[in-house]
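# Summary of the model geometry
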Amino acid sequence: MKKILFILAFCSSLLFGGNYFINDDITLKNNIAYLKSNGKKFDGVINEFYETGELMGEKTYKFGMIVDMKTYKISGALASVVTFKNGKAIGGKIFYENVKKDRAMTHADFMRYKLAY
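None of these values were measured; they are calculated from a predicted model.

## Focus on the overall build of the chain
- Looking only at helices and strands, the chain features two helices and nine strands.
- Reading the helices (α) and strands (β) of the chain from amino to carboxyl end gives α-β-β-β-β-β-β-β-β-β-α.
- The buried share of the chain, taken over its 117 residues, is 31%.
- Contacts in the chain between residues far apart in sequence, at least 24 positions, make up 22% of those at least 6 positions apart.
- Of the roughly 7800 Å² of accessible surface on the chain, 59% is carried by carbon and sulfur atoms.

## Digging into the packing of aromatic side chains
- Tallying each qualifying case throughout the model produces one aromatic pair.
- With centroids separated by 5.6 Å and ring planes inclined at 70°, the aromatic side chains of phenylalanine 42 and tyrosine 61 adopt a geometry described as edge-to-face. Taken together, the residues span a long stretch of sequence, with phenylalanine 42 in the loop between β3 (32–35) and β4 (44–49) and tyrosine 61 in strand β5 (residues 55–62) at a distance of 19 residues.
- The ring of tyrosine 34 has lysine 29 lying over it, and the distance from NZ or CZ to the ring centre is 5.8 Å.

## Details of unusual backbone geometry
- The residue asparagine 30 is not glycine, and still its phi comes out positive at about 55°.
- Mapping asparagine 30 onto the fold places it in the loop between β2 (26–29) and β3.
- Given a relative accessible area of 78%, asparagine 30 falls into the exposed group.
- At phenylalanine 63, a position not held by glycine, the phi torsion is positive, near 55°.
- Tracing the backbone through its elements, the reader meets phenylalanine 63 in the loop between β5 and β6 (65–72).
- Since its relative accessible area comes to 62%, phenylalanine 63 is described here as exposed.

## A word on the environment of aspartate 43
- For aspartate 43, the location among the structural elements is in the loop between β3 and β4.
- Taking the C-alpha atoms as reference points, aspartate 43 and lysine 62, separated by 19 residues in sequence, lie 4.6 Å from one another.
- Within the structure, aspartate 43 has its side chain in polar contact with the backbone nitrogen of phenylalanine 63 (distance 2.3 Å).

## Remarks on the confidence of the model for the chain
- Considering every residue of the chain, the mean pLDDT works out to 79; 79% of them sit at 70 or more.
- Throughout residues 1–17 the model reports pLDDT below 50, and contacts reaching past four residues in sequence, or to other chains, amount to 16 contacts.

## Points about the nonpolar core
- Counting residues in hydrophobic clusters, the biggest one holds 14 residues, and the most contacted among them are Ile26, Phe42, Tyr61, Val82 and Phe84.
- When contributions to this core are tallied by element, the ones reaching two or more residues are β3, β6, β7 (78–85) and β8 (88–94).
- Setting aside its immediate chain neighbours within four residues, phenylalanine 42 contacts Phe21, Ile26, Ala33, Tyr34, Leu35, Tyr61, Lys62, Phe63 and Gly64.

Thresholds applied
- Residues numbered from 1 in each chain as written.
- Predicted model: local features only at pLDDT ≥ 70, side-chain atom pairs only at ≥ 80, totals over all residues.
- Heavy atoms only, no water.
- Helix = DSSP H or I, 4+ residues; strand = E, 2+ residues; numbered from the N terminus.
- Buried < 20%, exposed > 50% of the residue type's maximum accessible area, 1.4 Å probe, protein only.
- Contact = heavy atoms within 4.5 Å.
- Areas by Shrake-Rupley, 256 points an atom, 1.4 Å probe, with all protein chains shown as cover.
- Phe/Tyr/Trp six-rings, centres within 6.5 Å; stacked < 30°, edge-to-face > 60°.
- Lys NZ or Arg CZ within 6 Å of the ring centre and 35° of its normal.
- Polar contact = N/O pair within 3.5 Å; in protein donor to acceptor, adjacent residues only side chain to side chain.
- pLDDT = per-residue confidence, 0-100.
- Core = buried A, V, L, I, M, F, W, Y, C linked by side-chain atoms within 4.5 Å.

Structure follows, in structure tokens:
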């Protein structure tokens, strides 16, 4: 299964021209992301997939620090967006099927989802 996910991530990076990786490609040390292949601080996007192959989430890193995270429902709809500063969640939004229920994330949401890295 990991090979399939890696192939999907690799193919998407070829198609869209970005630096896309999966969680197995990086390691976290003191909340800094490093590439396992060369030990350098990670710059790029980490993609996570559901077992069925649909995109589950994206985490964007710059100089090894997470800067934003998006999660998706299995249907492909956006579920949440979180912005980080110095590795800590500072803002975000949760999206619902009913657009009127969309709301900004609170500190309690950050703690519940363990986003205070």
